[in-house]
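Summary of the model geometry
In case you want the letters, here they are:
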Amino acid sequence: MTVGIGRGSMREILVVLALAVGGLLLAMLAAFTPWYGVAAGSPEVEVVEMHSPPWVITDGGELTAAGEG
């Protein structure tokens, strides 16, 4: 059993593969490019620490952040 591949179908397969490889390269570029230092205009990369406020249980039994009244 032999399958014949025409010139047009081979070209279509190569175009699909080229677009897939191009898409993967763009995705890797977007994922691994250090964009955060450039976006903030900072010449150096800085680490940002995130801290949530301490939580307090009020007299009514509600959970609120400390300092919110």
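By convention here, each chain's residues receive numbers from 1 onward along its written sequence. This being a predicted model, a pLDDT of at least 70 is required before a residue's local features are given, and a value of 80 or more before pairs of side-chain atoms are given or counted; all residues contribute to the totals for chains, interfaces and linings. By convention in this description, side-chain values take in all heavy atoms of the structure and omit both hydrogens and water.

**So, the overall build of the protein chain**
Strands here mean DSSP runs of E at least two residues long; helices mean DSSP runs of H or I at least four residues long; both are numbered from the N terminus. When its secondary structure is counted, the protein chain shows two helices and two strands. Note on classification: 1.4 Å probe, protein chains only; a residue is buried when its accessible area is under 20% of the maximum for its type, exposed when over 50%, partly exposed between these limits. The burial tally for the protein chain puts 3% of its 69 residues in the buried class. Each accessible area is a Shrake-Rupley estimate made with a 1.4 Å probe; only the visible protein chains count as cover when residues are assessed. Surface summary for the protein chain: the accessible area is close to 6,700 Å², and the carbon and sulfur share equals 67%.

**Some words on the confidence of the model for the protein chain**
The predictor rates its confidence in each residue with pLDDT, a number between 0 and 100. When pLDDT is averaged along the protein chain, the result is 78; 72% of the residues meet or exceed 70. Put simply, helix H2 (residues 35-39) is where the protein chain has its lowest mean pLDDT, 58, and helix H1 (residues 7-32) is where it has its highest, 93.

**A closer look at the environment of Thr 33**
Counting through the fold element by element, Thr 33 comes out in the loop between H1 and H2. Judged by its relative accessible area of 36%, Thr 33 is partly exposed. Only 2.4 Å separates the side chain of Thr 33 from the backbone oxygen of Leu 29, close enough to count as a polar contact. Pairs of N or O atoms are called polar contacts if they sit within 3.5 Å, as long as, within protein, a hydrogen donor faces a hydrogen acceptor (for residues adjacent in sequence, only side-chain-to-side-chain pairs).

**Focus: the environment of Val 56**
The topology assignment puts Val 56 in strand S1 (residues 55-57). With ten residues separating them in the primary sequence, Val 56 and Ala 66 have C-alpha atoms 5.7 Å apart. The residues touching Val 56, leaving out its near neighbours within four places in the chain, are Glu 62, Leu 63, Thr 64 and Ala 66. In this analysis, two residues are considered to be in contact whenever any of their non-hydrogen atoms come within 4.5 Å of each other.

**Topic: a nonpolar patch on the surface**
Here a patch means residues that are over 30% exposed by relative accessible area and free of salt bridges, tied together within 9 Å if like-charged and within 5 Å if nonpolar (Val, Leu, Ile, Met, Phe, Trp, Tyr). Any carboxyl oxygen of Asp or Glu that lies within 4 Å of a side-chain nitrogen of Lys or Arg is treated as forming a salt bridge with it. Together, Val 3, Ile 5, Met 10, Ile 13, Leu 14 and Leu 17 line one region of the surface with nonpolar side chains, adding up to about 600 Å² of accessible area. Relative to the elements of secondary structure, Leu 14 occurs in helix H1.

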